[in-house]
Amino acid sequence: MTALTELSLSAALDAMRRKDMSAVELTRAYLERIDALEPSLRAYITMTPERALADAARADEARAAGDDRPLLGIPLAIKDVLSTRDIQTTCASQILKGYVPVYDATVVKRLTDAGMVMLGKANMDEFAMGSSTENSSYQITRNPWDTSRVPGGSSGGSAAAVAGQLALGAVGTDTGGSIRTPAAFCGIVGLKPSYGRVSRYGLIAFGSSLDQAGPITRTVEDAARMFTVMAGHDPLDSTSMDTPVNDVMATMRDGVKGLRVGVPKEYFIDGMSPESEARVREAIAQLEALGAKVVEISLPHTRYSLPVYYIIAPAEASANLARFDGIRFGPRLEKGEMWHTYKATRGQFGPEVKRRIMLGTYALSAGYYDAFYGKAQQVRTLIKRDFERAFETVDVIAAPVTPKGAFPIGSKTSDPLEMYLEDVFTLPASLAGVPGISVPCGFDDNHMPIGLQLIAPAFREDVLIRAAYAYEQATTWHTLLPRVTTA
Ligand code: GLN
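Thresholds applied
- Residues numbered from 1 in each chain as written.
- Predicted model: local features only at pLDDT ≥ 70, side-chain atom pairs only at ≥ 80, totals over all residues.
- Heavy atoms only, no water.
- Helix = DSSP H or I, 4+ residues; strand = E, 2+ residues; numbered from the N terminus.
- Buried < 20%, exposed > 50% of the residue type's maximum accessible area, 1.4 Å probe, protein only.
- Contact = heavy atoms within 4.5 Å.
- Areas by Shrake-Rupley, 256 points an atom, 1.4 Å probe, with all protein chains shown as cover.
- Right-handed = clockwise from strand over helix to strand, strands pointing away.
- Pairing = 2+ DSSP bridges.
- Patch = residues over 30% accessible without salt bridge, like charges linked within 9 Å, V, L, I, M, F, W, Y side chains within 5 Å.
- Salt bridge = Lys/Arg side-chain N within 4 Å of Asp/Glu carboxyl O.
- Axes fitted to C-alpha atoms, helices over the stretch in contact; angles between N-to-C directions.
- Parallel < 35°, antiparallel > 145°, perpendicular 65-115°, else oblique.
- Left-handed = near helix turned anticlockwise from the far one by under 90°.
- Nonpolar A, V, L, I, M, F, W, Y, C, P; charged D, E, K, R; others polar.
- Arc of directions from axis to C-beta.

Enquirer: Could you give an account of the overall build of the chain, with specific residues and numbers?
Expert: Along the backbone of the chain there are 16 helices and eleven strands. In terms of principal-axis extent, the alpha carbons of the chain reach across some 65 × 50 × 45 Å. For the chain, the proportion of its 487 residues judged to be buried stands at 60%. Look at the contacts in the chain between residues 6 or more apart in sequence, and 76% of them connect residues 24 or more apart. Put simply, the chain shows about 18,200 Å² of open surface, and 54% of that area lies on carbon and sulfur atoms.

Enquirer: Hey, could you go over the pairing of strand E2 (residues 75-79) for me, with residue numbers and the actual values?
Expert: Strand residues, when the strand is regular, have side chains that alternate between the two faces of the sheet. With respect to burial, E2 is a largely interior element, five of its five residues being buried. Burial along E2 is two-sided: Pro75, Ala77 and Lys79 facing one way and Leu76 and Ile78 facing the other are all buried. Following the chain from E2 across helix H4 (residues 106-113) to the adjacent parallel strand E3 (residues 117-122), one finds a crossover that is right-handed. One ladder, built from three bridges, connects E2 with strand E4 (residues 169-174); its direction is parallel. From the neighbouring strand, alanine 77 faces E4, where its bridge partner is alanine 170.

Enquirer: Please set out the pairing of strand E8 (residues 293-297) residue by residue, giving values where relevant.
Expert: Of the strand pairs in this sheet, strand E7 (residues 260-264) and E8 are connected by five bridges, and their pairing is parallel. Within E8, the position partnered with proline 264 by the bridge is isoleucine 297. Traced from E7 through helix H9 (residues 274-289) to E8, the parallel crossover comes out right-handed.

Enquirer: I'd like a rundown of a nonpolar patch on the surface, residues and numbers included.
Expert: A cluster of nonpolar side chains, namely Tyr362, Tyr368 and Phe372, defines an oily patch on the protein surface of about 280 Å² accessible area. Relative to the assigned elements, phenylalanine 372 resides in helix H13 (residues 370-390).

Enquirer: Outline the sheet that holds E3, supporting the account with residue identities and numerical values.
Expert: Strand order in the open sheet formed by eleven strands is E1-E3-E2-E4-E6-E5-E10-E11-E9-E7-E8, with mixed pairing between adjacent strands. On the outer flanks of this sheet lie strand E1 (44-47) and E8, each paired with one strand and no other. Each neighbouring strand pair of the sheet contributes to a mean axis angle of 30 degrees, computed without reference to strand direction. Pairing geometry for strand E5 (residues 189-192) and strand E6 (residues 212-217), over two bridges, is antiparallel. Bridging from a neighbouring strand, valine 189 pairs with threonine 217 of E6. Contacts from H4 reach E2, E3, E4 and E6, with the element oriented near 175 degrees to E2.

Enquirer: Give me the pattern of salt bridges: which residues, what numbers.
Expert: Under the criterion given, the structure shown has 24 salt bridges. For the salt bridge of arginine 225 with glutamate 221, the shortest nitrogen-to-oxygen distance reads 2.8 Å. In this pair, arginine 225 and glutamate 221 both sit in helix H7 (residues 220-230), four residues apart, roughly one turn of the helix. With a relative accessible area of 14%, glutamate 221 lands in the buried category. Residues arginine 253 and glutamate 221 are paired through a salt bridge, measuring 3.3 Å at the closest nitrogen-oxygen approach. Taken together, the residues arginine 253 in the loop between helix H8 (248-251) and E7 and glutamate 221 in helix H7 connect sequence positions 32 residues apart. The structure contains a network of salt bridges with shared partners spanning Asp14, Arg17, Arg63 and Asp68.

Enquirer: Outline the packing of helix H2 (residues 23-41) against helix H3 (residues 49-64), listing residues and values.
Expert: A pair of packed helices can be characterised by two numbers: the angle between their axes and the separation between those axes. Where H2 meets H3, the axes come as close as 8 Å, and the angle between the chain directions of the two elements is 160 degrees. Classified by the angle their axes make, H2 and H3 are roughly antiparallel. Like other packed secondary-structure pairs, H2 and H3 cross with a definite hand, here right-handed. Contacts from Ala23, Val24, Thr27, Arg28 and Leu31 in H2 reach Pro49, Ala52, Leu53, Ala56, Ala57, Ala59 and Asp60 in H3. Across the contact of H2 with H3, the residue classes tally to nine nonpolar, one polar and two charged.

Enquirer: Go over helix H11 (residues 338-346), please, and point to the residues and values.
Expert: When we look at burial in H11, the residues that qualify are Thr341, Thr345 and Arg346. For H11, the buried positions fall inside an angular range of 115 degrees around the axis, keeping them on one side. Exposed residues on H11 whose side chains face more than 90 degrees from its buried face are Trp339 and Lys343. Considering only its buried residues, H11 is in contact with helix H12 (351-364).

Nothing here speaks to function; it is all geometry.
This is the structure we're talking about:
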């Protein structure tokens with residue numbers, strides 16, 4: 001018999017509907033596995049086992065009374081950047097240690113209303129700044145496929161939890177790749193919705209014009225189910241779009257016959273591992289074999305994405321993080337004179353966060369604003385136009401997620417630029433606000449997973465999910481689970 005934690009979200013829902021399994025049984029199975037393997041993986045900052053069992057018991061009662069909400073009894077992990085009422089929310093920062101929000105992020109509320117069981121808050125890079133989760137000020141999360149390697153970031157706790165079967169699904173957030181990269185590194189599915197599709201209310205801001213929450217799951221169908229619950233207009237977030245959400249479940253099985261798939265030549269560059277390139281090209285050939293029409297396209301401004309992102313995101317971060325000053329938010333380190341207090345308090349940020357604040361305040365300072373921030377915004381428009389032009393001739397874009405598979409812990413921490421280079425293929429879609437998904441497409445020579453990235457026009461998550469589902473169903477990668485050994 002398969003272990004309960006090996007079931008996909010969709011299979012678990014079916015089993016609960018058939019009364020083959022209760023939500024309490026499923027939740028217990030997860031809590032037992034967390035007890036056994038969390039010491040090796042360190043995916044959670046805060047675990048909420050009592051809350052989980054109470055949620056599960058309520059879910060079973062509700063189901064017995066005929067309730068069939070879309071995520072009823074499904075145990076999930078929430079990235080610790082999302083506010084959770086009565087549960088500590090740290091953003092993996094010492095500056096928010098002990099902070100207990102008085103309200104739920106809209107995403108959390110929607111998942112709760114849909115019946116989720118909350119397992120806990122997942123580890124991440126501090127304030128979501130990073131690509132490996134090594135910037136967490138609490139702990140280093142390990143990749144379930146090889147615990148000497150990183151799980152990717154910044155939603156590395158979420159991805160490691162899902163791949164390691166310490167959660168059935170998770171919420172991540174993506175500002176420049178933080179859902180897609182850890183999903184790729186951990187061999188699972190990560191969906192970054194279009195900017196404005198999912199509410200940012202209660203999502204502690206990093207780059208306000210970029211941040212989006214999305215699902216991290218073991219299958220495309222599971223991602224579609226979570227997305228359906230999470231997406232939609234929210235009057236509490238003025239950047240959330242008041243347009244109908246396409247029914248991604250309804251078209252998921254429509255296949256890719258005749259779908260025009262564009263392959264951007266700028267995404268196959270020197271420095272990419274030959275195995276990654278080979279796996280991604282095989283995946284594209286698979287889409288072609290399924291009836292898609294594959295064409296080469298050009299996104300000419302791709303190479304500016306990295307410099308543009310690393311001006312815009314730090315600039316927005318420096319403004320967003322100004323509130324953590326020990327006066328409004330954050331534990332105050334009292335040092336007598338005001339400026340000393342202020343300096344000591346803000347000294348609690350980790351090195352990467354400080355680096356971003358410095359970069360951002362510099363780019364926004366008088367005399368430099370036009371040269372840096374203003375110019376970056378202009379080039380961002382060109383990057384967005386590249387996508388608009390491409391989507392006049394293709395329906396979906398296929399590309400790699402990262403240049404290589406997961407790297408060893410500690411191998412890039414001394415060189416921030418090396419770490420930033422991990423983001424080259426995920427940043428463009430973030431800057432353009434279009435949706436992207438990472439789907440597992442094989443392994444590299446180190447036996448680490450590789451991801452295929454699909455990108456669709458804004459608000460066409462339906463096309464994205466349809467293409468991703470067709471590819472996934474034609475392959476077996478999503479059926480493979482890592483064998484995690486205890487520490
Ligand atoms: N790696 C990128 C950064 O460090 C993206 C992070 C994210 O998407 N949150 O900023």
